[in-house]
Amino acid sequence: MKGMKKLAAAVAVGAIAGLSGTVFAADSSEPIKIPIKNWSSQIVMAHVIGGIFESMGDKVEYVPVDNQASFEAVRVGDITIVHEVWQSTMQNAYYNAMEKGGLIDAGTHAAETLEEMGVPNWVIEKGLCPGLPKWEALKDCAEAFATPDSGGKGRWLEGPQSWHGDVMPNRVKGLGLDDKWVVKFAGAADALWAELQAAEKEGRGTIIFNWSPNFTDASGFTFIEFPPYFDGCRIADGGSWETTGCGSPKGWLKKGAFWKFPKTHPNAYRAFSQLTFTTPQIGSMAALVDVDKMTHADAAKKWLADNEEIWKPWTVSVLGEGN
Amino acid sequence: MSSAGGTSEGTQAVIRCESVYKIFGKNSEALLDGASSSIDAETAKAAGCIVGVNNASFEVHQGELLIIMGLSGSGKSTLLRCITRLTDATAGQIFIDGEDILTMNEKELIEVRRNKMGMVFQNFGLLPHKTVLENIAFPLQVKGNNTKASMERARDMAELVGLQGRENYFPRELSGGQQQRVGIARSLAVEPDIWFLDEPFSALDPLIRKEMQDEFLRLQSVLNKTILFVTHDFDEALRLADRIAIMKDGVIEQLDTPANIVLNPATEYVRKFTEEVPREKVLRIESIMEPVNQSETMADLTVSKDAVIETVAKAILDESKPVGVVDEAGTLVGSLHASHVVDVLFGNRAGS
Amino acid sequence: MSLTSSSLSIKSKPVQFALLLVVFLILCYAIAPADGNYLWRLPALLKDIPTWVNDFVGGLMFDWFPIQVYDPDIDDYESKPLFREITRAVSSGVLFIIDFVRELLLGGQKTIVAFTSWDFISENPWAEWPALPWTVITGWAAIVGYKLQGKRLALIAALATTYVAIFGQWEPSMQTLSFILVAAPVSVLLGLLLGIWAYQNRYVEIALNPLLNVAQTMPHYSYLVPVIVLFGVGDHAAALATIIFATPPMVRLTLLGLKNVPVEVLEAGMMNGCTNRQLLLRVLIPTAKRDVLIGVNQVVMQCLAMTVIASFIGAQGLGSNLMIALNSLKIGTGIEIGVCIVLIAVVLDKMSLAWANKQTDYFADLSFLERHSTLIAMLAVFVAGSILAAIGSFIFEEGFNYLYVIPHNKGITTAPIWQAAVDWIWDTFFFVLKGFNEFLITKILVPMRDAYLAMPVVATFLLVMGIAYILDGLRSALIVGGFLLFIAFSEYWDRALITAYMASFAVIVSAALGITIGSLCARHEVASKSILLVCDFFQTFPAFIYLIPVIMLFGITDTSVIIAAVVYATVPATRYTVEGLRSVPPVLQDAGSMSGVTRLQRWVSIELPLAFPHIMLGVNQTVIFALFMVIIGAFIGTIDLGQMILKAISESRGTGIGLTLGLCVAFIGLAVDQIIRNWAQRRKAALGLA
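Residues numbered from 1 in each chain as written. Chains lettered and ligands numbered in written order. Predicted model: local features only at pLDDT ≥ 70, side-chain atom pairs only at ≥ 80, totals over all residues. Heavy atoms only, no water.

A. Expanded view of the state of the cysteines. With the rule as written, the count across this model stands at 2 disulfides over all chains. Linked covalently through their sulfurs, cysteine 129 of chain A and cysteine 141 of chain A form a disulfide whose S-S length is 2.0 Å. Here the disulfide of cysteine 129 of chain A and cysteine 141 of chain A is left-handed, its torsion about the S-S bond being about -60°. Of the two residues, cysteine 129 of chain A is situated in the loop between α5 (121–125) and β6 (154–158) and cysteine 141 of chain A in the loop between α5 and β6; the sequence distance between them amounts to 12 residues. Each member of the pair cysteine 129 of chain A and cysteine 141 of chain A is classed as buried. Covalent S-S linkage joins cysteine 233 of chain A and cysteine 246 of chain A, the inter-sulfur distance amounting to 2.0 Å. When the S-S torsion is 70°, as for the bridge of cysteine 233 of chain A with cysteine 246 of chain A, the disulfide is right-handed. Residue cysteine 233 of chain A is found in the loop between β9 (221–223) and β10 (253–258), and its partner cysteine 246 of chain A is found in the loop between β9 and β10; the two are separated by 13 residues along the sequence. You can call cysteine 246 of chain A buried: its relative accessible area is 2%. Between cysteine 340 of chain C, a cysteine without a disulfide, and cysteine 303 of chain C, which holds the nearest cysteine sulfur, the sulfur-to-sulfur distance is 18 Å. (Disulfide = S-S within 2.5 Å. Helix = DSSP H or I, 4+ residues; strand = E, 2+ residues; numbered from the N terminus. Buried < 20%, exposed > 50% of the residue type's maximum accessible area, 1.4 Å probe, protein only.)

Put into structure tokens, the structure is as follows:
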């Protein structure tokens, strides 16, 4: 598969770059540019990673940037790293940038991401669709999810079309739900959250695309269990209408870097490529902001202070090797 | 066409125009090639051109006040703009103090304008962002004169035109008449030899206009500039001019002294203007006096040959005997019967 | 009767319109909606344009004229294409200036780095430029306000800066401000130069005109991708995108101002012996000052309107904070930030306008002294503020020095209040609006969209070109046809029809609303002024903020998009109606009153006809505003051109697709503009109002 080839090539480049990093060299004093996107876990993680770099004596700078634009930016070096690349929503942009050249793979977090259609817990509690979270339940409860513009069918609220193209419409068709359900694309993540809140106040059913870890976890969100994913099940990957009803894979959460980063900041790069967060860790970072209402920078400080045993080894091992 | 008038020879012409044309339109060159004298309207129209100035030739002498008179669209302002080279004449030659202004380059032209020319505009053309003083000083500062000297000169000029006390006003804070005084002061600030006035009083209301004309005459009596003055107001022309050029459709119909124009209109067009003119206000005694008849007994009263008829008419009419006409030296040069004055004022075309 | 015969003749406009409609309907019924039928949909002959554009830009940026440059970081030679090096040089130049201004306000190291190196900073930890205490900047804002206009502006400036400071938005606000303080002057200078050039050279004017038209009607985020490709990501890229957006009105107003300089003033300058330079600098530009300064004001407004969009490509400050707040549904915080943007807009707007109107105290003798006194006052404030900040460092030993720079999100917050207000609106109105929303969608919007999509392409052309022909003649019809042809040959015709359906519905509602509100307010001085203030507010308040409550009330539906568009697009309709009605000559009002008309009669038979051409210019603006907002509606969730533009950002052919889609939107706007503007101008001339 084309995607796999690209992945392999990128890993190879990353490995070579990593090797060259073992050559003894000090980090450049120029700041490492870390992107600030518009969701909590990403921003806190940006500050956490920035804090780690700073603890190693590097300078950092935070650059606000649109998520989709960040991949073009990292490719040409306007930002140095991307640290939270979600498979299902960002792999297109990620591999596009890699193919054009300039972006290297800097490893994968331990966290497995879950991005899937789901419902807030109260939808289940209210019994609006008995049988959830099994997808088969959707066959009989479409009316409860209808909206004025859905023509009487139930509405699936998918994220912007730029996230997965036609995956969701194909899935609806593949599962044979298309006579009862219709897919609507929201324009941005905040539109999804607004819908979530509005639906709750109104007490009507809603089914939206969502992911975890996310700030919505706090109020309870249940993902629907679709037929299991396997490579090539989707139409776009060569699958058939019979298989395209598959759910989302357990996604990877990747890191990427500008290709010069290993050469300009070998130590920081080593730390960055070793650095890995688990789902609960990312969740705890986001919760400091979303639940405890801290600022992103304060949350990062607190997280770093509370979790030294987790992140110190990444830096120490680098310094140890270097010295 | 009569485009020359006989007048004071001898002094060198300050402004001399020879066969000046200004033609608007794409085919102007082609149109000119065929023309040896004036272009007629039909030909111009056929060529898709508008003739602004049509074969104008004349001279203005040192200290003379020439007025170009015509209705709107007659080409009078265009002619003035050709002479100042605000627009380029299509053909012909224009000499200022013997130098051909049409062949001057940018730099020479700027020099001439900076030192020899002053111009007053119908709508004043004041710089809205500058005060009275700054406006007047503007031409001096443009020349690069130092600020203090320029401002002092400007203050003098403001005083000359009666604007003392308003030096720090902005144009929009002044009445029309006051604004034009600023315009006049500015045009005179560099002490130009030649003074161009383009309908300077037309935008003013009648009372102010009269006042400004008096002011103008007063200034001219002090300064004695060579003046080219454009107006559409025939009364104004008669009142101020040494000579008048009457234009129609770009052609100078007649160029002569006010009296000669009134008494001997060269064309039907000119005659129409003169019809309504109150002669007693225009004509001077000299133009209607008769030779002295030695056999007649003269009245005791004598009048100056330069007096305007209106000013002495009553005295003459009161006399039963002919009145003597004298020149500046007091020498008797002619006589005038009361009956003749009545003829001139109310009767047939007289005087010739 | 001559009256009847004339109204039935083919020359009468109603008859022409009726005929047009009949033919249009016949075409709609006659043409079958089939794929291969070119009368139904034209083939996508231009579908390769995005690829061409992309290949061209890509080639220029990454392949053309490579130079081998040694990079010490990687100890190797790297091939750098010439054009990219040029754009990068521009970028770093702009970035340097922004950082410089920013560090004047907030302190930092980058300016020092620009003259030394990062290594220098590492070795010399003291080398950091200090920030200006917020008290100093507040004081300065008040002094400048006082100097420009008086106590009122001083008070507004002081209150606005204090608000920004105590509500914890100081840093992002200063970041935004520093960005504007660079983008705005550059736009002004660029606009001035282009305007002068166009004034001096007719060909330049002719060439510039369509470019300005497109730049003013193209949705801003359609050129975000090209800007990223050309200039990268960061404040510099955002500034450049802003400059592209903010310069056109400056060019137009400069040109307008210069053209309006009375011929005689120009001639007077020439006769005074000005050289060309003197003529330009000392006569033309000062005389055109008022228009030029209105241009400056426009530039400031446009820059602020870009703050949110600019954060997509790296602008630091309020815009990016706003997006972060909205993304976790913190509407209260969002509103608070939005208010900051409005406040900065209000202060800069008032200051630039005061500057524009400030002509009276041009007294050569006084100005030196006055400037002196201002300087002294500012110096005094600086010293006092610094001392306060120093004292503060003792008082607030732990944490933050609130007398120096109030850190982000450490101030008081009104967010809960705003949040409560939004909740209240929701609780109060939701169920009332729900029924309305359902009715609107099922009975009006969906049928309307289906009707637009059911139009054969030939019928659409006939209708639009026919209207242009009837109102404005053959030339307009052909120009409008040309615009449509581009869209029809692209692969986005159906998407464009959906954009057109939403925009036209929004325009109808906005125009009706705006004209009604404007007419009601125009009668009273106070009401007029108040409504114009409201207009200012909605023009600068970031639309992204009210998108959220609107979504909560109306769901992710076309209704939400249209309502957001209506909120924004009613502004020009209202503004122009007020202006138009208030400029009806009082003589005519009196004449009407003396003929004994009622208020309504006077409005219908005197005021409205006279103000109508001006109002139509407002409607013209309404069309452009509605289009912009419908495109922004992509963030709610649409399936029109806007959604495609949004999607283009993540695509590999993004540059070309973005620009092509942007052109499609611009051409819809320009087609309408062509018809209305010319018609209004002729109508104004006919009424003797031009």
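B. Geometry of the packing of aromatic side chains. Tallied over the full model, the rule gives 45 aromatic pairs over all chains. A ring pair is formed by phenylalanine 277 of chain A and tryptophan 303 of chain A, whose centres lie 5.5 Å apart and whose planes are at 85°; its orientation type is edge-to-face. A residue pair is termed long-range when its members are at least 10 positions apart, and phenylalanine 277 of chain A in the loop between α10 (266–274) and α11 (279–290) and tryptophan 303 of chain A in helix α12 (residues 296–306) qualify at 26 residues. Of the residues examined, tryptophan 303 of chain A reaches a relative accessible area of 3% and is grouped as buried. Taking the centre distance of 4.8 Å and the plane angle of 25° together, the rings of tyrosine 568 of chain C and phenylalanine 625 of chain C count as stacked. Here tyrosine 568 of chain C is found in helix α26 (residues 558–582), whereas its partner phenylalanine 625 of chain C is found in helix α28 (residues 599–632), with 57 residues between them in sequence. Of the two residues examined, tyrosine 568 of chain C and phenylalanine 625 of chain C, each falls in the buried class. (Phe/Tyr/Trp six-rings, centres within 6.5 Å; stacked < 30°, edge-to-face > 60°.)

C. Representation of the confidence of the model for chain C. With 94% of its residues at a pLDDT of 70 or more, chain C has an overall mean of 84. Predicted confidence for residues 360–364 of chain C stays below pLDDT 50, and this span has 9 contacts to residues more than four positions away or in other chains. (pLDDT = per-residue confidence, 0-100. Contact = heavy atoms within 4.5 Å.)

D. Quick peek at the interface of chain C and chain B. Across the boundary between the two partners, chain C contributes 21 residues, which contact 30 residues of chain B. Carbon and sulfur atoms make up 58% of the area that chain C and chain B hide from each other, which totals about 2,300 Å². Among the residues chain C hides against chain B, the three largest losses belong to Glu264, Met271 and Asn272 of chain C. Together they make up 31% of the total. Summed over the shared surface of chain C and chain B, the result is 1 salt bridge. Put simply, arginine 81 of chain B and glutamate 267 of chain C hold a salt bridge, and the shortest N to O gap is 2.5 Å. On inspection of chain C and its partner chain B, the count reaches 7 residue pairs in polar contact (both at pLDDT 80 or more). For the side of chain C that touches chain B, the secondary structure elements donating two or more residues are α13 (263–271) and α14 (276–287) of chain C. (Buried area = accessible area lost by both parts, 1.4 Å probe. Salt bridge = Lys/Arg side-chain N within 4 Å of Asp/Glu carboxyl O. Polar contact = N/O pair within 3.5 Å; in protein donor to acceptor, adjacent residues only side chain to side chain.)

E. View of the packing of helix α4 (residues 82–106) of chain C against helix α9 (residues 170–200) of chain C. Residues and elements named next belong to chain C. Packing of α4 against α9 leaves a shortest axis separation of 9 Å and a crossing angle of 140°. Overall, the two elements α4 and α9 adopt an arrangement that is oblique. Relative to α9, α4 is oriented so that their crossing is right-handed. Contact residues: α4 offers Ile97, Ile98, Val101, Arg102, Leu105 and Leu106, while α9 offers Trp170, Glu171, Met174, Gln175, Leu177, Ser178, Phe179, Leu181 and Val182. Considering only residue class, the contact of α4 with α9 consists of 11 nonpolar, 2 polar and 2 charged. (Axes fitted to C-alpha atoms, helices over the stretch in contact; angles between N-to-C directions. Parallel < 35°, antiparallel > 145°, perpendicular 65-115°, else oblique. Left-handed = near helix turned anticlockwise from the far one by under 90°. Nonpolar A, V, L, I, M, F, W, Y, C, P; charged D, E, K, R; others polar.)

F. Spotlight on the interface of chain A and chain C. Taken together, the contact between chain A and chain C spans 57 residues of the former and 64 residues of the latter. Here chain A and chain C share an interface that buries about 4,900 Å² over both sides, 59% of which is from carbon and sulfur atoms. The largest per-residue losses of area from chain A upon contact with chain C belong to Pro64, Pro148 and Lys201 of chain A, which jointly make up 12% of the total buried on that side. Where chain A packs against chain C, one counts 5 salt bridges. Linking chain A to chain C there are 10 residue pairs in polar contact (both at pLDDT 80 or more). Sort the elements by how many residues they give to the side of chain A that touches chain C and helix α8 (residues 189–202) of chain A lands first, with 10 residues. Classifying every residue of the side of chain A that touches chain C gives 25 nonpolar, 12 polar and 20 charged.

G. Here's a closer look at the environment of alanine 310 of chain C. Residue and element names in this part refer to chain C. Structurally, alanine 310 can be placed in helix α16 (residues 307–310). Between the C-alpha atom of alanine 310 and that of alanine 237, which follows or precedes it by 73 residues, the distance is 8.3 Å. In this view, alanine 310 contacts Phe179, Ala238, Thr242 and Ala315; residues no more than four positions away in its chain are not counted.

H. Inspection of the sheet that holds strand β8 (residues 226–231) of chain B at higher detail. Residue and element names in this part refer to chain B. The mixed open sheet is built from 6 strands, whose spatial order is β6-β7-β8-β3-β9-β10. Edge positions in the sheet fall to β6 (117–120) and β10 (251–256), since each has one partner strand and no second. The mean angle between the axes of side-by-side strands here comes to 15°, regardless of whether they run parallel or antiparallel. Pairing of strand β3 (residues 65–70) with strand β9 (residues 243–248) involves 5 bridges; the strand directions are parallel. Opposite methionine 69, over in β9, you have isoleucine 246 as the bridge partner. Of the strands in this sheet, β3, β9 and β10 are in contact with helix α11 (residues 268–275), which crosses β9 at around 120°. (Pairing = 2+ DSSP bridges.)

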